[in-house]
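Architecture and fold: a report
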Protein chains: 4
Amino acid sequence: MYSFKNDYSEGAHPRILEALAETNLVQEEGYGEDHYSLEAADLLKNKIGRTDVDIHFLSGGTQVNMTAIATFLRPHEAAIAAKTGHINVHETGAIEATGHKVVIAESDQDGKLGPAAIQKVLDIHEDEHMVKPKLVYISDTTEVGGNYTKKELEDLKAFCGEHDLILYMDGARLGSALTAEGNDLKLEDLPQLTDAFYIGGTKNGALLGEALVIIRDSLKEDFRYAIKQKGAMLAKGRLLGIQFLELFRDHLYFELAGHANQMADRLRKGISEAGFGFLTHSTSNQIFPILPNPLIAELQQKFGFFIWSKVDEDHSSIRLVTSWATKEEKVNELVEVVKNSVKSRTH
Amino acid sequence: MYSFKNDYSEGAHPRILEALAETNLVQEEGYGEDHYSLEAADLLKNKIGRTDVDIHFLSGGTQVNMTAIATFLRPHEAAIAAKTGHINVHETGAIEATGHKVVIAESDQDGKLGPAAIQKVLDIHEDEHMVKPKLVYISDTTEVGGNYTKKELEDLKAFCGEHDLILYMDGARLGSALTAEGNDLKLEDLPQLTDAFYIGGTKNGALLGEALVIIRDSLKEDFRYAIKQKGAMLAKGRLLGIQFLELFRDHLYFELAGHANQMADRLRKGISEAGFGFLTHSTSNQIFPILPNPLIAELQQKFGFFIWSKVDEDHSSIRLVTSWATKEEKVNELVEVVKNSVKSRTH
Amino acid sequence: MYSFKNDYSEGAHPRILEALAETNLVQEEGYGEDHYSLEAADLLKNKIGRTDVDIHFLSGGTQVNMTAIATFLRPHEAAIAAKTGHINVHETGAIEATGHKVVIAESDQDGKLGPAAIQKVLDIHEDEHMVKPKLVYISDTTEVGGNYTKKELEDLKAFCGEHDLILYMDGARLGSALTAEGNDLKLEDLPQLTDAFYIGGTKNGALLGEALVIIRDSLKEDFRYAIKQKGAMLAKGRLLGIQFLELFRDHLYFELAGHANQMADRLRKGISEAGFGFLTHSTSNQIFPILPNPLIAELQQKFGFFIWSKVDEDHSSIRLVTSWATKEEKVNELVEVVKNSVKSRTH
Amino acid sequence: MYSFKNDYSEGAHPRILEALAETNLVQEEGYGEDHYSLEAADLLKNKIGRTDVDIHFLSGGTQVNMTAIATFLRPHEAAIAAKTGHINVHETGAIEATGHKVVIAESDQDGKLGPAAIQKVLDIHEDEHMVKPKLVYISDTTEVGGNYTKKELEDLKAFCGEHDLILYMDGARLGSALTAEGNDLKLEDLPQLTDAFYIGGTKNGALLGEALVIIRDSLKEDFRYAIKQKGAMLAKGRLLGIQFLELFRDHLYFELAGHANQMADRLRKGISEAGFGFLTHSTSNQIFPILPNPLIAELQQKFGFFIWSKVDEDHSSIRLVTSWATKEEKVNELVEVVKNSVKSRTH
């Protein structure tokens, strides 16, 4: 059984383990004030072309989202998210547990939000009997594999600016977004196009770790207090700094994401060639083919993956996720099973 | 400069890094449902002699404390802690941020709580205009190096039972407590003497990781929801399971803690022989010698440590912390500086 | 300008003011432990035919909802509500501010929830990565004037029982529900058909005040702590007890609600006779006629009311609310304007 | 049995009930936007000599404190209070329930805080591992009857200004403070000497109601959202406005407080003349005489009051509270019992 369930099935890229081993016995300050973390923050600032941003390393996506959003908002303010948004469905109410409502805006089929959808939310929130929508939460890639074009983000940022909204991007799979086929966004665009975003490590080759980048000045103050209060400040914070240093020392971060995307491309093209469609438009490392139920059952004999949704009586969509560690031969095997199933049925 | 600042200055014990490397490419389920975590939980149950407890792996002490306490208490219930209790002073109000007051009980000089102190707290909380004290938070070792005897814990547990209080033990430095000179507590006593406790990994050789043990049945339900909601569920949860497997596969956990204690003993004896006293009675890996200020200044030339408190115009207490990684030669060097300073002054 | 904006435009029924004046100088205990509040609780228990319930008096609807729901749920548990549910749209995120997500179930056009809609919510909440839906919030009458039949509530209660869900009813306008044309529910049915509900006073003749009735034993413990903690315990709690004593001493509560309903009936019938339809089916004190925009503009010259929603280019729905204090002559005046406008247009 | 238990044993001053009756059937906007509330806010602004402040009417002291403090602070910030501070001991953790720690500063014997005590708190809160003390909570009168001189408040305000602390005053018994013998503070001084304070109505003749005055601009924004979210926005908000209009239309508010103080003075002088001392220095409407236990038992035959604390084996302090409604004859009776007891013992 080979798993396409997610992009965190394996450990870390070997270079990361090596970096941990090499630095292991050096004595360092705790709580993220070690030399590695400081250096990693500087390196990231350099990569994104802005020295006036604040960078903090945390352990996981839900943790970053709840720490950032709870800190950025006043008690009566709410986050706007797509129905499929991770903070809305898959974080066990972590945002609400910090006191804030998540208000739903209608996304497109690929999980992306645009100005019109957010305007509709603003229109129905008129006075103090309702929460005040204040932060727009988007994910790139989205939870269903979509990714934003530069133009889409520019429009969103302009809209948020006009309406005094904070634009926050969940970058759990930012590597995949930035290396997706057809993508025209660059890492160094993001400080201009968001107020805060994070660069996901866990799903792109790290053991754990996400780098939160805060751009808007008014959101920066006292953020380390928030990290500590949310239980998110690791005593051995070096663990995060060392990993990001390794991922961004050269092009490793993008190479790993690129590999994941290539593996997904191969799956997508193969499945497409076999005549099947997809639930969403995705050029990133999560794809959602719509397959006949018997074929899904057949695939389940050899591969691990999640059944995503029922499409009709005879078809369902499944989710296939690739990663930095996905093996090409396993991708080929899966495509072959799909193609063979078509052949055998057409005979 | 050699640091005695804390027990998380280095990375992890080499065997842990090796275990991570060996298992690195095995595909596993995410979020703590991997084989390593399941096996580690079983191993720990075996070590503590109880299969009817629940075990969860989290990343750090503040995170465990806030997740457990927020889940164990109803909104109007409060935790009782010593003034020096970690949840009271050094967690940036993490407990209060989940909605619960921390009520102070008077501890002894070593940071330990007893029934009489808790009774006093209960006496002044009489009705619904005040919070309802419901959980007793203790640390072993305490934040100032003290550790509980078996008799002390038995008395506390009996008292808590009579007053329907939850007894929760913070075991960030439990390894040090269980291997301290004169200690008569064993790991397998704890399920009988607490309602929940955690076994600290971060400060005893792990990269990160604490194992929460929940004994009382009524505290167990849906705890994984709490972990997820607090941002404490690592996608690559294997990272925690693998480490605890390694620490408890044999006697590594206790050997590491034993080393830390021996190094502290050596410091304590040396400093004591030089004629100096201590702020608290500690046989664990944190000691608080009271030294003349000029000697402290001299030590600061060669060693890193925190000045703890001013004792009088001429003396302060300092905190020296040893760990699994502390080098004996550095301990000897420090003792020598202390002894020489006495000699030079007496001449 | 006569207002049909809401049912809290006037003060209190004169008998209530008299009762306050008569008892004014009697010395009483504070915080709801006065004789009037105790007597009112007994009286209500008698009226609902159950002595084994707990009754608490609070000041307003949002306050009751947030205090009850926050106390009934554990941190990871969520409330299920209709999209139109008051806790979802008009309480400024008060439920979320206590840490709990409000999950939306699809209601019928009249704002009512049934088992099928709740089942759908349960179906998609499968594991600890999502909140755990635990409480079903319904309103009777609903926010758009609908009311539950006895059979509907029986089905809902049975469903909640099977799925271990708490059924909580917001009774801000319970008086109107229980006296609506065609209603077959009685006050004494509610303890059997809900786990907790409240009897609204503010919108039915009181100055302020709602009576929360807790039926399920496990929800009762320490509830007065919750009231105090949420700032909901009035020093002069007598103020609430005295009012409920007066409202339920005889049939005043139902007479007041009956008057409001009759006034709404008269509006509904008149508007219906003039040939107009309604957005929802309501036999209670809130009706939502769909009118041509010019007629709405004409009505606005003489009457205060809210425009509820745009129906098409030429029509909108408006909300008309009647109360215990609504004057029959003003109702007749409004109907006349509507009828005349039709006549003038048909000529 | 005549009660000296507290200052909320009776209903409201008769003029307040009359005002409610007179305005009862006037239709008004809901939720505090009625003409009475607007007019009352203007009247208060006039009385305190500042039109640039915001005024909101809420129902009770705990409610004001939790709504204001939760809104003024960011999540990691804490309130500083005296150990006897109402928010620390008698609000069931309402502040902590909104996520904020209450940090204790050492008060004088009368429950007052000064710069030195607050400086000590600041000194030990040095970094992000601890909460950030940001708001100083004081009460005037204090919970043990003390009141601040103008000079004391000036010093406190200056200190808070230097350290960027918010100075918030709980004025549940502000009337008593401002009319106490020897007091040199005026209502119109408070906007210059605090950042926010409230004028207590409940304990000075209102049925319920407190007027929060926000002076510092940065604390004003969106405060009505906070009121609604905390369940503190009454549908019939007129109820609060009408009462404050009546209390401040002339000198009623100060006359009522003055009466309470005179009654307390008489008690204090009589008890003092009988040879007894007091636990605190109080010229306000709460006094704490230290009496022999047998005398206390004798008083309990005729009067209701709380025993405050044990002083020695034979003596306890009791709390006597007077109000706008306290009857002079009852005060005389109590003094007589005390004096007679002394006579009978000295014979």
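Residues numbered from 1 in each chain as written. Chains lettered and ligands numbered in written order. Predicted model: local features only at pLDDT ≥ 70, side-chain atom pairs only at ≥ 80, totals over all residues. Heavy atoms only, no water.

**A word on the overall build of chain A**
Worth spelling out the cut-off: For helices the rule is a DSSP run of H or I covering at least 4 residues; for strands it is a run of E covering at least 2, with both sets numbered from the N terminus onward. Only the C-alpha atoms count toward the radius of gyration. The rule for a globule is 2.2 Å times the residue count to the power 0.38. Exposure is judged per residue with a 1.4 Å probe applied to protein chains only, and the accessible area is read against the type maximum: over 50% gives exposed, under 20% gives buried, and values in between give partly exposed.
What chain A contains, in helices and strands, is 14 helices and 13 strands. Computed over its C-alpha atoms, the radius of gyration of chain A comes to 21 Å, within 12% of the 20 Å expected for a compact globule of 347 residues. Each principal axis of the C-alpha distribution contributes one length, and for chain A these read about 65 × 55 × 35 Å. Among the 347 residues that make up chain A, the fraction classed as buried is 65%.

**A closer look at the relation of the copies chain A and chain B**
The operation relating the pair of chain copies consists of a rotation about an axis and a translation along that axis. Going by this rule: Here the copies are superposed with least squares, the fitted atoms being C-alpha atoms of residues at a pLDDT of at least 70 in both. Contacts are assigned to residue pairs that have any heavy atoms within 4.5 Å of one another.
Of the transformation superimposing chain A on chain B, the axial component is 0.0 Å and the angular component is 180°, with the fit at an RMSD of 0.0 Å. Seen this way, the second copy is the image of the first under a two-fold rotation axis. When the interface residues of chain A are mapped onto chain B, 100% of them are again interface residues, pointing to one common binding face.

**Details of the domain arrangement of chain A**
All names here are of chain A. Inclusion rule: For the domains described, the bounds stem from an automatic or database domain assignment. Accessible surface is computed with a 1.4 Å probe, and the buried area is the amount of it that two parts give up when combined, taken over both parts together.
Its domain assignment divides chain A into domain 1 (2-6 + 253-346) and domain 2 (14-250). A C-alpha centroid distance of 28 Å is found between domain 1 and domain 2. In this complex, domain 1 contributes 21 residues to the contact, which on the side of domain 2 involves 25 residues. Of all residues in domain 1, Tyr253, Phe254 and Thr283 bury the most surface against domain 2, accounting for 35% of the area lost on that side.

**Here we look at the interface of chain C and chain D**
Which entries qualify depends on this criterion: The salt bridge definition used is simple: a Lys or Arg side-chain nitrogen within 4 Å of an Asp or Glu carboxyl oxygen. Residues adjacent in sequence count toward polar contacts only when both atoms are side-chain atoms; beyond that, a polar contact is any pair of N or O atoms within 3.5 Å, and within protein one must be able to donate a hydrogen and the other to accept it.
Contacts between the two partners involve 49 residues from chain C, matched on the other side by 49 residues from chain D. With both sides pooled, the region where chain C packs onto chain D buries about 3900 Å², and carbon together with sulfur makes up 55% of that total. Among the residues chain C hides against chain D, the three largest losses belong to Tyr8, Gln27 and Lys236 of chain C. Together they make up 19% of the total. The interface formed by chain C and chain D contains two salt bridges. Where glutamate 29 of chain D meets lysine 5 of chain C, a salt bridge forms, and the shortest distance between an N and an O atom there is 2.6 Å. Taken together, chain C and chain D are joined by 28 residue pairs in polar contact (both at pLDDT 80 or more). Taken together, the elements giving at least two residues each to the side of chain C that touches chain D come down to strand 1 (2-3), helix 1 (14-22), helix 3 (61-72), helix 5 (94-97), helix 10 (223-229) and helix 11 (238-248) of chain C. Sort the elements by how many residues they give to the side of chain C that touches chain D and helix 1 of chain C lands first, with four residues.

**Details of the interface of chain A and chain B**
Put simply, the test is: Gly is put with the polar residues, along with every residue not named as nonpolar or charged; the nonpolar set is Ala, Val, Leu, Ile, Met, Phe, Trp, Tyr, Cys and Pro, and the charged set is Asp, Glu, Lys and Arg.
Facing 49 residues of chain A, the contacting portion of chain B comprises 49 residues. Between chain A and chain B, a total of about 3900 Å² is buried, with carbon and sulfur atoms accounting for 55% of that surface. When the buried area of chain A at its contact with chain B is split by residue, Tyr8, Gln27 and Lys236 of chain A rank highest and sum to 19% of it. Our count for the chain A to chain B interface comes out at two salt bridges. The interface formed by chain A and chain B holds 28 residue pairs in polar contact (both at pLDDT 80 or more) in total. Within the residue set of the side of chain A that touches chain B, elements represented by two or more residues are strand 1 (2-3), helix 1 (14-23), helix 3 (61-72), helix 5 (94-97), helix 10 (223-229) and helix 11 (238-249) of chain A. Of all the elements, helix 1 of chain A adds the most residues to the side of chain A that touches chain B, at four residues. Class assignment of the residues belonging to the side of chain A that touches chain B gives a composition of 22 nonpolar, 17 polar and ten charged.

**Topic: the packing of helix 12 (residues 252-273) of chain A against helix 14 (residues 328-346) of chain A**
All names here are of chain A. This is how the line gets drawn: Throughout, an axis means a line fitted to C-alpha atoms (over the contacting stretch in the case of helices), and angles, computed between N-to-C directions, take values from 0 to 180 degrees. Throughout this description, any angle smaller than 35 degrees is read as roughly parallel, any larger than 145 degrees as roughly antiparallel, any in the 65 to 115 degree range as roughly perpendicular, and the remainder as oblique. Crossing handedness follows the turn of the near helix against the far one: under a right angle anticlockwise gives a left-handed crossing, and clockwise gives a right-handed one.
Contact geometry of helix 12 with helix 14 gives a least axis separation of 9 Å together with a crossing angle of 10°. With respect to their mutual orientation, helix 12 and helix 14 come out roughly parallel. Here helix 12 runs over helix 14; the crossing is right-handed. Packed against helix 12, whose contacting residues are Met263, Arg266, Leu267, Gly270, Ile271 and Glu273, the element helix 14 presents Glu328, Val331, Asn332, Leu334, Val335, Val338 and Lys339 at the interface.

**As for the side chain of glutamate 77 of chain A**
Residue and element names in this part refer to chain A. Note the following rule: The charge count treats Lys and Arg as positive and Asp and Glu as negative. His and the chain ends do not count.
In this structure, glutamate 77 sits in strand 3 (residues 77-82). No salt bridge forms around the buried glutamate 77; measuring N to O, its nearest opposite-charge neighbour lysine 134 is 4.7 Å away. Within polar-contact distance, the side chain of glutamate 77 engages the backbone nitrogen of arginine 74 at 2.9 Å. In this view, glutamate 77 contacts Phe72, His100, Lys132 and Lys134; residues no more than four positions away in its chain are not counted.

**As for the side chain of glutamate 10 of chain A**
Mapped onto the fold, glutamate 10 of chain A is located in the loop between strand 1 and helix 1. One buried charged side chain, glutamate 10 of chain A, makes no salt bridge at all; its nearest oppositely charged neighbour is arginine 238 of chain B, positioned 6.3 Å away. Those residues in contact with glutamate 10 of chain A that lie beyond four places of it in its chain are Tyr2, Ser323, Trp324 and Ala325 of chain A together with Asn24, Leu25, Val26, Gln27, Lys236 and Arg238 of chain B.

**Description of the relation of the copies chain C and chain D**
Turning chain C through 180° and shifting it by 0.0 Å along the axis lays it on chain D, with an RMSD of 0.0 Å. Most of the interface of chain C is mirrored in chain D: 100% of its interface residues are interface residues there too.

**A word on the pattern of salt bridges**
Using the criterion set out here, one finds 96 salt bridges over all chains in the structure. One salt bridge in this structure joins lysine 151 of chain C and aspartate 155 of chain C, with 2.8 Å as the shortest N-O distance. Of this pair, lysine 151 of chain C and aspartate 155 of chain C both sit in helix 7 (residues 150-162), four residues apart, roughly one helical turn. Salt bridges here are not isolated pairs; linked through shared partners, they connect Lys134, Lys157, Asp164, Asp195 and Arg216 of chain A.

**Let's talk about unusual backbone geometry**
With an omega of -5°, the peptide bond running from aspartate 140 of chain A to threonine 141 of chain A counts as cis. With respect to the helices and strands, the residue threonine 141 of chain A is situated in the loop between strand 5 (132-139) and helix 7 (150-162). A positive phi angle is found at aspartate 222 of chain B, which is not glycine, with a value near 60°. In this fold, aspartate 222 of chain B is placed in the loop between strand 8 (210-214) and helix 10 (223-229). We note that tyrosine 31 of chain C has phi near 60°; this positive angle belongs to a residue other than glycine. Tracing the backbone through its elements, the reader meets tyrosine 31 of chain C in the loop between helix 1 and helix 2 (35-48).

**Examining the UniProt feature "domain: Aromatic amino acid beta-eliminating lyase/threonine aldolase" (unreviewed entry) in chain A**
To be explicit about the condition: UniProt positions are given in the numbering used here, feature names are shortened, and annotations may be inferred rather than shown by experiment.
As recorded in UniProt, the feature "domain: Aromatic amino acid beta-eliminating lyase/threonine aldolase" (unreviewed entry) lies at residues 16-286 of chain A. For residues 16-286 of chain A, the end-to-end C-alpha separation is 24 Å, with 42% helix and 14% strand making up the annotated structure.

**With respect to helix 11 (residues 238-248) of chain B**
Residues and elements named next belong to chain B. By the criterion of burial, helix 11 is predominantly enclosed, with eleven of the eleven residues buried. Those residues of helix 11 not exposed but buried are Arg238, Leu239, Leu240, Gly241, Ile242, Gln243, Phe244, Leu245, Glu246, Leu247 and Phe248. For helix 11, the elements touching its buried residues are helix 1 (14-22), helix 2 (35-48), strand 2 (54-58), strand 7 (196-200), strand 8 and helix 12 (252-273).

**Things to note about the packing of helix 6 (residues 115-124) of chain D against helix 7 (residues 150-162) of chain D**
All names here are of chain D. Here helix 6 crosses helix 7 at 25°, and the two axes come no closer than 10 Å. By the criterion of interaxial angle, the relationship of helix 6 to helix 7 is roughly parallel. Contacts between helix 6 and helix 7 involve Pro115, Ile118, Gln119 and Leu122 from the first element and Asp155, Leu156 and Phe159 from the second. Across the contact of helix 6 with helix 7, the residue classes break down as five nonpolar, one polar and one charged.

**A word on the pairing of strand 12 (residues 306-310) of chain C**
Residues and elements named next belong to chain C. Our working rule: Should DSSP find at least two bridges between two strands, the strands are regarded as paired.
Looking at chain direction, strand 12 and strand 13 (residues 315-321) are connected through four bridges and run antiparallel. Paired with lysine 310 across the two strands is serine 316, which belongs to strand 13. Where strand 12 folds back onto strand 13 in an antiparallel hairpin, the turn is made up of four residues.

**Considering the sheet that holds strand 7 (residues 196-200) of chain A**
Residues and elements named next belong to chain A. Spatially, the seven strands line up as an open sheet ordered 2-8-7-6-5-3-4, and their pairing is mixed. Because the sheet does not close on itself, it has two edges, and the strands there are strand 2 (54-58) and strand 4 (102-105). Each neighbouring strand pair of the sheet contributes to a mean axis angle of 25°, computed without reference to strand direction. Both strand 3 and strand 5 contribute to a ladder of four bridges, which runs parallel. Bridge pairing in strand 5 links alanine 78 to proline 133. This element, helix 2 (residues 35-48), spans strand 2, strand 7 and strand 8 (210-214) of the sheet and lies at about 125° to strand 2.

**Some points on helix 2 of chain C**
Residues and elements named next belong to chain C. Selection criterion: Expected span, for any helix, means 1.5 Å times one less than how many residues it has.
The first and last C-alpha atoms of helix 2 sit 20 Å apart over 14 residues, in line with the 20 Å expected at 1.5 Å per residue. When we look at burial in helix 2, the residues that qualify are Tyr36, Ser37, Ala40, Ala41, Leu44, Lys45 and Ile48. Its buried side turned inward, helix 2 meets strand 2 (54-58), helix 9 (190-193), strand 7 (196-200), strand 8 (210-214) and helix 11. Here helix 2 starts with a cap whose side-chain oxygen sits 3.0 Å from the backbone nitrogen of tyrosine 36, and that cap is aspartate 34. Immediately beyond the C-terminal end of helix 2, within one or two residues, lies glycine 49, with a positive phi of roughly 75°.

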